[in-house]
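Architecture and fold: a report
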Amino acid sequence: MCLVLFLINPVHADSSSIPEVRALYLYNFSMFIHWPDKAFPTRNSPIRYCVLGGRVLRRTLARLLENETVKGRPLVLEPLETPIDASHCHLLYMDDTLADNEGQLITALENQPVLTVGASRNFPHNGGMIGLVRKGRRIRPLVNMKAVERSGIRISSKLLQLSTLLKDDEVVKSP
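About the criteria used
Along every chain, residues carry numbers that run from 1 in the direction the sequence is written. For this predicted model, a pLDDT threshold of at least 70 governs which residues receive local features, and a threshold of 80 or more governs which side-chain atom pairs are given and counted, while totals over whole chains, interfaces and linings are taken from all residues. Excluding hydrogens and water, the side-chain values take into account all heavy atoms of the structure. Sulfur atoms of two cysteines make up a disulfide when they are within 2.5 Å. Strands here are runs of E lasting at least two residues and helices are runs of H or I lasting at least four, both read from the DSSP assignment and numbered beginning at the N terminus. Relative accessibility thresholds used throughout: buried, under 20% of the residue-type maximum; exposed, over 50%; partly exposed, between the two (1.4 Å probe, protein chains only). For helices, the axis comes from a line fit to the C-alpha atoms of the stretch in contact; other axes are also lines fit to C-alpha atoms, and the angle between any two N-to-C directions lies between 0 and 180 degrees. Should an angle lie under 35 degrees it is considered roughly parallel, over 145 roughly antiparallel, and from 65 to 115 roughly perpendicular; all remaining angles are considered oblique. Crossing handedness is read from the near helix: turned anticlockwise from the far helix by less than a right angle, it gives a left-handed crossing, and turned clockwise, a right-handed one. Should any heavy atoms of two residues lie within 4.5 Å, those residues are counted as being in contact. Residue polarity is assigned by list, with Asp, Glu, Lys and Arg as charged and Ala, Val, Leu, Ile, Met, Phe, Trp, Tyr, Cys and Pro as nonpolar; anything else, Gly included, falls into the polar class.

**Section: the state of the cysteines**
In protein structure, a disulfide is the covalent linkage between the sulfur atoms of two cysteines. Applying the stated criterion to the full structure yields one disulfide. The side chain of cysteine 50 participates in a disulfide bridge whose partner is cysteine 89; the two sulfur atoms lie 2.0 Å from each other. Disulfide cysteine 50 to cysteine 89: torsion about the S-S bond roughly -95°, handedness left-handed. With cysteine 50 in strand 3 (residues 47-52) and cysteine 89 in the loop between strand 5 (73-78) and strand 6 (91-94), this residue pair connects regions lying 39 residues apart in the sequence.

Structure representation (structure tokens):
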């Protein structure tokens, strides 16, 4: 059901539900992202989600991921209190309270198959892969295509159709 809603309409958000909407996007990303085989030790290894900040988002995401699998891989929310070693994550979300340090965190994960997702508008301009930014009453993905390409991660055309795409800091496509 979440998948269908995600594909039909960009997700609407009022201010009280923004963390929940962002958690829903993160949950759905596992269905539209292809990580390179080298990102997993075995064929059944879990897809590891890590969250820095955002307690409400983390709690919502934990509920969404519980007992879920994608392509035979369990979806797991890993505890991550510090960003020192997030290289074991497949998806790392950083809320906007980390905006001052996001460039440093992103640089530490550059060229690794870790999908970096952030809440700040500048996140993709600072080298992050996907910003979940507010546009009017909606939350929309803003994708830094160059950062995604460097990591070896592929994003499905369905997700890219819903997204604003950046290349060299210029908008190349907007839904």
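**Quick look at the environment of isoleucine 84**
On the secondary structure map, isoleucine 84 appears in the loop between strand 5 and strand 6. Residue classification places isoleucine 84 among the exposed residues on the basis of a relative accessible area of 76%.

**Section: the packing of helix 2 (residues 18-32) against helix 3 (residues 55-65)**
Direction vectors running N to C along helix 2 and helix 3 enclose 40°, while the axes themselves pass 8 Å from each other. Classified by the interaxial angle, the pair formed by helix 2 and helix 3 is oblique. The two elements helix 2 and helix 3 meet at a crossing, and its hand is right-handed. Seen from helix 2, the contacting residues are Pro19, Glu20, Arg22, Ala23, Leu24, Leu26 and Tyr27; seen from helix 3, they are Val56, Leu57, Thr60, Leu61, Leu64 and Leu65. A per-class count over the contact of helix 2 with helix 3 returns ten nonpolar, one polar and two charged.

**A few points about unusual backbone geometry**
Trans peptide bonds make up most of the peptide bonds, and negative phi angles are found at most residues other than glycine. In this structure, asparagine 67 takes a positive phi of about 60° despite not being glycine. With respect to the helices and strands, asparagine 67 occurs in the loop between helix 3 and strand 4 (69-70). Exposure remark for asparagine 67: the relative accessible area of 73% places this residue in the exposed category. Located in the positive-phi region is lysine 71, a residue other than glycine, with phi close to 50°. When you line up the elements, lysine 71 lands in the loop between strand 4 and strand 5.

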